[in-house]
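# Structural description and commentary
So you can see what is in the structure, the chains are spelled out below.
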Amino acid sequence: MKILVGELIHEGNSFSVERITLEDFGPVYGDDVFAPDSRVRGGSAEGIINTLREAGVELVPAFFGNASADAALIYSDYEKIRAAFVQALQDAGEVDGICLALHGSMYVDGEDDPEGDLLTVLRKLVGPDIPIIASLDMHATVTQRMLSVVDALVGYHTAPHVDRYETGSKAARLILRILQDGINVKMECIQIPMLLAGEQSETNESPMKELQQAIVAAEEREGIFHGSYFLGFPWADSPHNAVSIVVVGDAKQGEMVVETAKELAKGFWDRRREFRFTTEAYPLDEALRIALSCTEKPVVIADSGDNPTAGATQDLTIALRGMMENNVKNAVFVFVVDAVSQQRCAQAGIGAKLELALGRLEPVPGGSPLTVQATVQYLGTAQGIECAVVDIEGITVIIGDKRRDSSDIRTAVYDPEFLTELGLNPFDFEIIVVKSGYLSPEYQAIAARKMLALTPGDTNEILKDIPYQKVPRPIFPLDEDMEWSI
Ligand SMILES: [Zn+2]
């Protein structure tokens, strides 16, 4: 039995002024994915690969790439990725199935539904009878085109996503049931007109916690294999944006599959007004004032409007300016991307004092570039990022030359270890301002208190302030009093 496997993970922020390229995916082709140091480790692609291998399946590895969350991809490089999948399929001759690890909210300049496009191209090549299954991120934007060509979509059950490997494994086990046990699958998707930020839908907090429990309970039913909430991605201006409830089950129990999806969708919509920030959230000045009055340390504040884990450029200095204006000391700012300033610091050397125009060079209201007097304290590399650690009016500021290294899928702002690698002890600071949305488990573990600062930027948490043009209307909560029923 031969199954084509591959990975394409990218959560595309359509508001970012930047564009990414193929290289940002750290692309791996064909058999190279089986190398011991392969970067798919721990993710859904590895779950798919290991589960199918253990079942004795011959794998046809296509393309593997993970750009995490970032700006939109240029179209010509998307075409190269699609061509790599097509080439692998054509080289393999016939396959019995296709099982892919996708994100679902990819964004390409000139193509607002790349996963739908890719899956359609693959479907045309293999014909209608070969099963195609994809695992998706919980923040996937499910489209009609995707639904029309796949047999099943299987999503994460957790946010933060700690079940990525397991989800890939579930997708693989499902395709094995189809191919080995001859099961026919029925998939039902109900879409709710709703935009929802990840910062209001962590699965260990209400109401997502109970909604997720309802999915798990539904999966216990006879004939139901998988249920998923796909929450969409509010920082893409997409005509496909919605919350999607997908239930996959035995075609013999088709009615049960449909009824279960309806029940879960109704349960979700009924609780729509209960979604709130799962972390204390304040305007920046208020967050800083509260942090300054805290006796325990460190207080960790997310600069949520410039959150690279949702594709922001990470080059805004609005939060830093706020820290300076509020006379914040003994704090660290993690971290602003500015390759020119980082290089100037590196050339000046440790101990040097210099004036920097910090942050994005085009003027941004309230923030960048920010003229500062900096003293270089440390120069080094952390997670593949060249960094300068400088002191600015008593605030330790990390300046990086890029958001992330494309050979390392770890997101630097997710892990306090990034500070340690630069010779900084996170517990030395009273306040840590980190460019993030909801805090990673690692930052939550060290935070004496955690807050979201509601700053402007590419990942503005105040969705009503975002200049959407393509998002379908009406949509909750932009159209707060809208009616909807199944
Ligand atoms: Zn996600």
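Above this note sits the structure.
Residues numbered from 1 in each chain as written. Predicted model: local features only at pLDDT ≥ 70, side-chain atom pairs only at ≥ 80, totals over all residues. Heavy atoms only, no water.

Let's shift gears to the packing of aromatic side chains. Tallied over the entire structure, the rule returns ten aromatic pairs. Aromatic side chains Phe63 and Phe85 sit 5.9 Å apart centroid to centroid with 50 degrees between the ring planes, which places their arrangement in the tilted category. You can see Phe63 sitting in strand 4 (residues 58-73) and its partner Phe85 sitting in helix 2 (residues 75-92), a full 22 residues away along the chain. Take Phe63 and Phe85: they sit in the same class, and that class is buried. For the pair Phe233 and Trp235, a centre-to-centre distance of 5.8 Å together with 80 degrees between the ring planes defines the contact as edge-to-face. Trp235 shares its class with Phe233; the two are buried. (Phe/Tyr/Trp six-rings, centres within 6.5 Å; stacked < 30°, edge-to-face > 60°. Helix = DSSP H or I, 4+ residues; strand = E, 2+ residues; numbered from the N terminus. Buried < 20%, exposed > 50% of the residue type's maximum accessible area, 1.4 Å probe, protein only.)

Moving on: the state of the cysteines. All chains considered together, the criterion is met by zero disulfides. Cys387 carries a free sulfur, and the closest cysteine sulfur to it, the one in Cys345, is 11 Å from it. (Disulfide = S-S within 2.5 Å.)

Before going further, it helps to examine the coordination of the zinc ion. Distances from the zinc ion to its protein donors, namely Asp137 (OD), His139 (ND1) and His161 (NE2), fall within the range 2.1 Å. Within one chain, the residues donating to the zinc ion are spaced in sequence as D-x1-H-x21-H. Of the two residues examined, Asp137 and His139, each falls in the buried class. (Donors = N, O, S within 2.8 Å, 3.2 Å for Na, K, Ca; no water.)

Below, the discussion takes up unusual backbone geometry. Looking along the chain, the bond that leaves Arg473 and enters Pro474 is cis, with omega of -5 degrees. Along the polypeptide, Pro474 turns up in the segment after strand 19 (449-453). Geometrically, the link from Phe476 to Pro477 is a cis peptide bond, its omega value of 5 degrees lying close to zero. Take Pro477: it is sitting in the segment after strand 19. Residue Ser68 is not a glycine yet carries a positive backbone phi of 55 degrees. By the secondary structure assignment, Ser68 is in strand 4. Even without being glycine, Gln314 reaches a positive phi, approximately 65 degrees. Within the secondary structure, Gln314 sits in the loop between strand 12 (299-303) and helix 9 (318-325).

What the nine strands build is an open sheet, ordered 11-19-12-18-13-17-16-15-14; its pairing is mixed. In this open sheet, the two strands that pair with only one neighbour each are strand 11 (280-282) and strand 14 (353-358). Direction aside, the axes of adjacent strands within the sheet are offset by 35 degrees on average. Along the sheet, helix 8 (residues 284-293) makes contact with strand 11, strand 12, strand 18 (431-434) and strand 19, crossing strand 19 at roughly 165 degrees. The sheet contacts of helix 10 (residues 339-348) involve strand 13 (331-337), strand 14, strand 15 (370-382), strand 16 (385-392) and strand 17 (395-400), and relative to strand 14 the element is tilted by about 170 degrees. (Pairing = 2+ DSSP bridges. Axes fitted to C-alpha atoms, helices over the stretch in contact; angles between N-to-C directions. Contact = heavy atoms within 4.5 Å.)

For strand 4, a buried count of 14 out of 16 residues is recorded, marking the element as mostly surrounded by other parts of the structure. Sheet topology places strand 1 (residues 2-13) next to strand 4; eleven bridges connect them, and they run parallel. Each residue of the ladder has a partner; that of Glu7, found in strand 4, is Phe64. Sheet topology note: the strand 2 (residues 19-20)/strand 4 ladder contains two bridges and is parallel. Within strand 4, the position partnered with Arg19 by the bridge is Ala72. Where strand 3 (residues 28-29) meets strand 4, two bridges bridge the pair, whose relative direction is antiparallel. What sits directly across from Val28, in strand 4, is Phe64.

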